[in-house]
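Coordinate inspection notes
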Amino acid sequence: MKIGIIGAGNIGGNLTRRLTALGHDVSVANSRGPETLTALAAETGATAVTVAEAARGAEVVVVTVPLKNVPALPAGLFAGAAPGFAVIDTGNYYPRQRDGRISGIEDEGLTESRWTERNLGHPVVKAFNGTYAQDILDRPREAGAPDRTALPVAGDDEAAKKTVRALIEELGFDTVDAGGLDESWRQQPGTPVYGLQAGTDAVVKALAEASPERPADFRG
């Protein structure tokens, strides 16, 4: 599969490592330019590209940048992507620690991924946002393993969500359908499932126990 990754931080870098190891054709970009990704490209065999080039031909595009930087992504970001491509949003809103106050989230009550989707102009699937980056390398397990971790996945586009869930399962994790984007507050920071390293039953329970009220630590 052709996969574009926009953002080469901890999550983006480790997804690049795992997805190339599985045989996928990965293009990776960051805000500083492809020349800063030569080491990652040499390590993994991924192709370092500009942000504007990352989605070209991609069947899956991973957007893994700080939330405050989403509006600054270039116009036409997905021009040239493969028909029916899926977009994975790994982002989280950290108003006090990094992002500043975002009125669309705080005043309009948009979920974080709904706000990201509006800025990107394309449906997104929320996944990996509560996953420790190191777990992408350390916790993959064969299907059926008793200690296999499950990840929640939310999105409105059922075909895209199916593609994303299949890719996550190929990476060595179970998935739980967490509903549409308007329900994705259930996996935002401060919820029981955020950072949870557990199997399917525990993830389902944690999603059900979430409160829609944003915790004080995650309000601007």
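Just above sits the structure.
Residues numbered from 1 in each chain as written. Predicted model: local features only at pLDDT ≥ 70, side-chain atom pairs only at ≥ 80, totals over all residues. Heavy atoms only, no water.

1. Focus on the pattern of salt bridges
Put simply, the rule is: A carboxyl oxygen of Asp or Glu within 4 Å of a side-chain nitrogen of Lys or Arg is what we treat as a salt bridge. Accessible area is worked out with a 1.4 Å probe on protein chains only. A residue is then buried under 20% of its type maximum, exposed over 50%, and partly exposed in between. Only DSSP runs of H or I covering at least 4 residues are called helices, and only runs of E covering at least 2 are called strands; the numbering of each starts at the N terminus.
Here the structure, examined in full by the defined rule, presents 15 salt bridges. With its nearest N and O atoms 2.9 Å apart, the salt bridge here joins arginine 98 to aspartate 99. Residue classification places arginine 98 among the partly exposed positions, given a relative accessible area of 31%. Here glutamate 209 and lysine 205 are joined by a salt bridge, their closest N and O atoms 2.6 Å apart. In this pair, glutamate 209 and lysine 205 are both assigned in helix H8 (residues 200–209), four residues apart and thus about one turn of the helix distant.

2. Considering the nonpolar core
One broad rule of soluble globular proteins: the nonpolar side chains tend to lie buried together. The line we're drawing: For our purposes a nonpolar core is just a set of buried Ala, Val, Leu, Ile, Met, Phe, Trp, Tyr and Cys residues, chained together by side-chain atoms within 4.5 Å. Throughout, a residue-residue contact means that at least one pair of heavy atoms, one from each residue, lies within 4.5 Å.
If you look at the biggest cluster of nonpolar residues, it comprises 27 residues, and the most contacted ones within it are Ile3, Ile5, Leu15, Leu19, Phe128, Val164 and Ile168. Within the residue set of this core, elements represented by two or more residues are strand E1 (2–6), helix H1 (10–21), strand E2 (25–29), strand E4 (60–63), strand E5 (86–89), helix H6 (133–138), strand E7 (150–155) and helix H7 (158–171). Looking at this core, the element that brings in the most residues is H7, giving five residues. Sequence-distant contacts of isoleucine 5, defined by excluding residues within four places in its chain, comprise Gly12, Leu15, Thr16, Leu19, Val26, Ser27, Val28, Ala29, Ala54, Val62 and Thr64.

3. A look at the environment of glycine 121
Locating glycine 121 in the fold gives a position in the loop between helix H5 (112–120) and strand E6 (125–126). Considered as a pair, glycine 121 and alanine 75 are 46 residues apart in the sequence and their alpha carbons are 9.5 Å apart.

4. Topic: H5
For H5, a buried count of seven out of nine residues is recorded, marking the element as mostly surrounded by other parts of the structure. Here H5 has its buried residues at Glu112, Ser113, Arg114, Trp115, Thr116, Glu117 and Leu120. Elements that come into contact with the buried residues of H5 comprise E4, E5, helix H4 (103–106) and E6. Downstream of H5 by a residue or two, glycine 121 has a phi angle that is positive, lying close to 75 degrees.

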